[in-house]
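# A look at the structure
Given next are the chains, with one letter for each unit.
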Amino acid sequence: MPLSLLKYALSREHPAPRFFRDCTEPKKTYDAVIIGGGGHGLAAAYYLAKDFGITNVAVLEKGYIGGGNTGRNTTIVRSNYLTPEGVNFYDASVQMYEGLSQELDINLFYSTRGHFTLAHTESAMRTMRWRAEVNKHVGVESYVVGPEEILKACPQLDISCSGQAPILGALYHAPGSVARHDAVAWGYAKEADRMGVEIFQNTEVTGIDVKSGKVVGVQTNKGYISTGRVLSAVAGFTPRITEMVGIETPIVIHPLQACVSEPMKPWLNTILVSGSLHVYVSQSSRGELVMGSSLDPYEVHSTRSSLDFVEGLSSHIVDMFPFLGNVKVVRQWAGMADITPDFAPIMGKTPVEGFYLDAGWGTWGFKATPISGKTMAETMARDMAPELIKSFRLSRFEEYELTGEKGAASVGH
Amino acid sequence: MKLLQCPVNGTRPISEFTYGGEYREAPDPQTCSDKVWADYVHNRHGAPGLKKEWWYHGPSGTWFIAERNTLTDSVSRTYLFGQEKDA
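Residue indices follow the written sequence of each chain, beginning from 1 at its first position. The lettering of chains begins at A and the numbering of ligands begins at 1, in the order of writing. Under the rules for a predicted model, residues below a pLDDT of 70 receive no local features and side-chain atom pairs below 80 are neither given nor counted, while totals for whole chains, interfaces and linings still include all residues.

Within an unreviewed UniProt entry, the label attached to chain B reads Sarcosine oxidase subunit delta heterotetrameric, and the organism entered is Methylophaga lonarensis MPL.

An unreviewed UniProt entry annotates chain A as Fad dependent oxidoreductase of Methylophaga lonarensis MPL.

As structure tokens, then:
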């Protein structure tokens, strides 16, 4: 890289390289079509090309890449889940993230900070101990710590939370990290494009053509594309896509809101989450505090943000950090989250042959981007889901084999 | 949506209400198949549209039905269960 930069020192022309080709007209047919150009869809395209040599792939994005929940999350990567299935799966993702900047040749600003899930009640402490034991059993570095250790990592914290909800302890998770989420989408797009995948922005799927229980094509606002394999990777829009193929799922859509403060000098080195106060907070590389909260309480298909949310979140942030009372919130937004009854994703094959689901990513999707891309690519290439995602299959509901992951959701929902 | 019309107490701020999910007809568990029952227990109509929903007015303990468009978040009418025709 430094050598290629050197030539620009001698030239007056400094063209910015494009990350991916500006594709506008889809071909008539592809080996696979991926609906949704977010991190998950682009990662699936990348691993289809890299691991299985399937490069005749179109990624269809109705807006711009990474403009959905890939660009709306609070960028936290962790694997301190509650069920062994969940911990194994998210741990595989954390391990992939650790080498991803190198692999995609893009700086993801992947920063391992350590992650504290604060407990304010005895029952929360019990869940923390449970999660710590499951994590240790699977080989993930998580353990329960007391208030002294929390204060050592974050001396600015008011451990009594303004006397409202004194902190008794926390689940500490060493690999907890943050990353630059847009770069994850761009990196996968760049490398997938380099291997021949075509990425279409402003291209909306309006129908999916199913004949005798098998996918044969998709209808888009840029014409009909015939294909035998379709992956739905559309956070917040899954029910609209599954309706096109006549599949029922338990997914309902709730907005999830987040906001950032004005930038400050670095002071918060770690990631803090409080289930009881419904807060998660970290400081970005730009110095902004990135803050999120619980889901909006009822189903809405909208990304409108609300004053109620900033009011509620700010009051809890000030309980934890009274000195932030004068800091301004500069941006707030919302994403539409696919919520499942067991707070685990829905991945794999469906009753419609050739139609694959990567859905139900609720509030836990960004951290799973690399591993979901890799496992969905394998599912599509082999028409068989790998062992790692078997417990996330759609049919688990009618088999009553749910993967109870609600206790590991970042905040109480 | 910032306000909601309780059929008993009139228009009240949304913070007084709790969402109870979409109104659905339960199949008879004695006669329906396991598949139909599992569908009732787990699956939901997730696509946006005009839906009949359960809502609860906390201060007065009133459960009622609201017809709401989940895309625009606008409520067209609310009524007590079973009193749809009078609404």
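### Digging into the overall build of chain B
Rule in force here: Numbered from the N terminus, helices here are DSSP runs of H or I no shorter than four residues, and strands are runs of E no shorter than two. Counting other C-beta atoms within 10 Å of a residue's own tells you its class, since 20 or more makes it buried, 12 or fewer makes it exposed, and anything in between is partly exposed; those C-beta atoms are placed from the backbone. A pair of residues counts as a contact when their C-beta atoms, built from backbone coordinates, are separated by no more than 7 Å.
Broken down by element type, chain B carries one helix and six strands. Traced from its N-terminal end to its C-terminal end, chain B shows the element sequence β-β-β-α-β-β-β. For the C-alpha atoms alone, the extent of chain B along its principal axes is close to 40 × 25 × 25 Å. Within chain B, the fraction of its 87 residues that count as buried is 16%. Sequence-distant contacts, at least 24 apart, represent 44% of the contacts inside chain B between residues at least 6 apart.

### Thoughts on the interface of chain A and chain B
Cut-off, in case you're wondering: Note that Gly is not counted as nonpolar here; it falls among the polar residues with everything else outside the nonpolar set of Ala, Val, Leu, Ile, Met, Phe, Trp, Tyr, Cys and Pro and the charged set of Asp, Glu, Lys and Arg.
Counting from both sides, the interface comprises 19 residues of chain A and, opposite them, 13 residues of chain B. Among the elements that make up the side of chain A that touches chain B, the one with the highest residue count is helix H8 (residues 238-245) of chain A (three residues). Class assignment of the residues belonging to the side of chain A that touches chain B gives a composition of 11 nonpolar, three polar and five charged.

### Considering the confidence of the model for chain B
Low-confidence regions, as indicated by low pLDDT, have predicted coordinates that should not be scrutinised in detail. Heads up, the condition is: The predictor reports its confidence for every residue as pLDDT, a score running from 0 up to 100.
Scored by pLDDT, chain B has a mean of 94; 98% of the residues are at 70 or more. Interface confidence for the predicted complex, expressed as ipTM, amounts to 0.94; the pTM equals 0.94.

### Points about helix H2 (residues 39-52) of chain A
Residues and elements named next belong to chain A. Which entries qualify depends on this criterion: Each helix should span, by expectation, one fewer than its residue count multiplied by 1.5 Å.
An ideal rise of 1.5 Å per residue puts 20 Å on 14 residues; H2 measures up with 19 Å between its terminal C-alpha atoms. Among the 14 residues that make up H2, 11 are buried, leaving the element largely enclosed by the rest of the structure. In this structure, the buried residues of H2 make contact with strand S1 (32-35), strand S2 (57-60), helix H7 (181-194), strand S13 (230-232), strand S20 (355-359) and helix H10 (369-382). After H2 finishes, the residue Gly53 shows a positive phi value of roughly 65°.

### A look at the nonpolar core
Applied cut-off: Put simply, a nonpolar core is buried Ala, Val, Leu, Ile, Met, Phe, Trp, Tyr and Cys residues tied into one set by C-beta atoms within 7 Å.
Among the nonpolar cores identified, the biggest contains 117 residues, and Ile34(A), Ala45(A) and Val57(A) are the most heavily contacted of them. Ranked by residue count, the leading element in this core is H2(A), at eight residues. When residues no more than four places from it in sequence are discounted, the contact partners of Ile34(A) are Gly41(A), Ala44(A), Ala45(A), Val57(A), Val59(A), Leu60(A), Leu231(A) and Ala233(A). Ranked by size, the runner-up nonpolar core spans six residues in total, among them Phe17(B), Trp55(B), Ile65(B) and Ala66(B).

### A closer look at the UniProt feature "domain: Rhodanese" (unreviewed entry) in chain A
To keep it simple, the criterion reads: UniProt positions are given in the numbering used here, feature names are shortened, and annotations may be inferred rather than shown by experiment.
As annotated in UniProt, the feature "domain: Rhodanese" (unreviewed entry) corresponds to residues 33-76 of chain A in the numbering used here. End C-alpha atoms of residues 33-76 of chain A are separated by 29 Å, and the span's content is 32% helix alongside 18% strand.

### So, the environment of Val75(B)
Residue and element names in this part refer to chain B. Mapped onto the fold, Val75 is located in strand S6 (residues 74-79). Since 16 C-beta atoms lie within 10 Å of it, Val75 is described here as partly exposed. Taking the C-alpha atoms as reference points, Val75 and Ser60, 15 residues apart in sequence, are found 20 Å from one another.

### Some thoughts on the environment of Leu3(B)
Residue and element names in this part refer to chain B. Within the secondary structure, Leu3 is located in strand S1 (residues 3-6). In this structure the C-alpha to C-alpha distance between Leu3 and Val75, which are 72 residues apart in sequence, comes to 9.7 Å. Not counting residues within four places of it along the chain, the set of residues in contact with Leu3 comprises Thr11, Arg12, Pro13 and Ile14.

### What about the environment of Asp22(A)?
Residue and element names in this part refer to chain A. Inspection of the secondary structure assignment puts Asp22 in the loop between helix H1 (2-9) and S1. What makes Asp22 exposed here is the crowd of 8 C-beta atoms within 10 Å. Considered as a pair, Asp22 and Ile199 are 177 residues apart in the sequence and their alpha carbons are 7.7 Å apart.

### Considerations on the pairing of S2(A)
Residue and element names in this part refer to chain A. Applicable threshold: Here, strands pair whenever DSSP counts at least two bridges between them. The path from the first strand over the helix to the second decides the hand: if it runs clockwise while the strands point away from the viewer, the crossover is right-handed.
Of the two faces of S2, both are covered, the one formed by Val57 and Val59 as well as the one formed by Ala58 and Leu60. When S1 meets S2, the two strands line up parallel, connected through four bridges. Residue pairing for S2: Val33 is matched across the bridge by Ala58. Regarding topology, H2 serves as the crossover connection from S1 to the parallel S2, and that connection is right-handed. Pairing of S2 with strand S9 (residues 198-200) involves three bridges; the strand directions are parallel. Paired with Leu60 across the two strands is Phe200, which belongs to S9.

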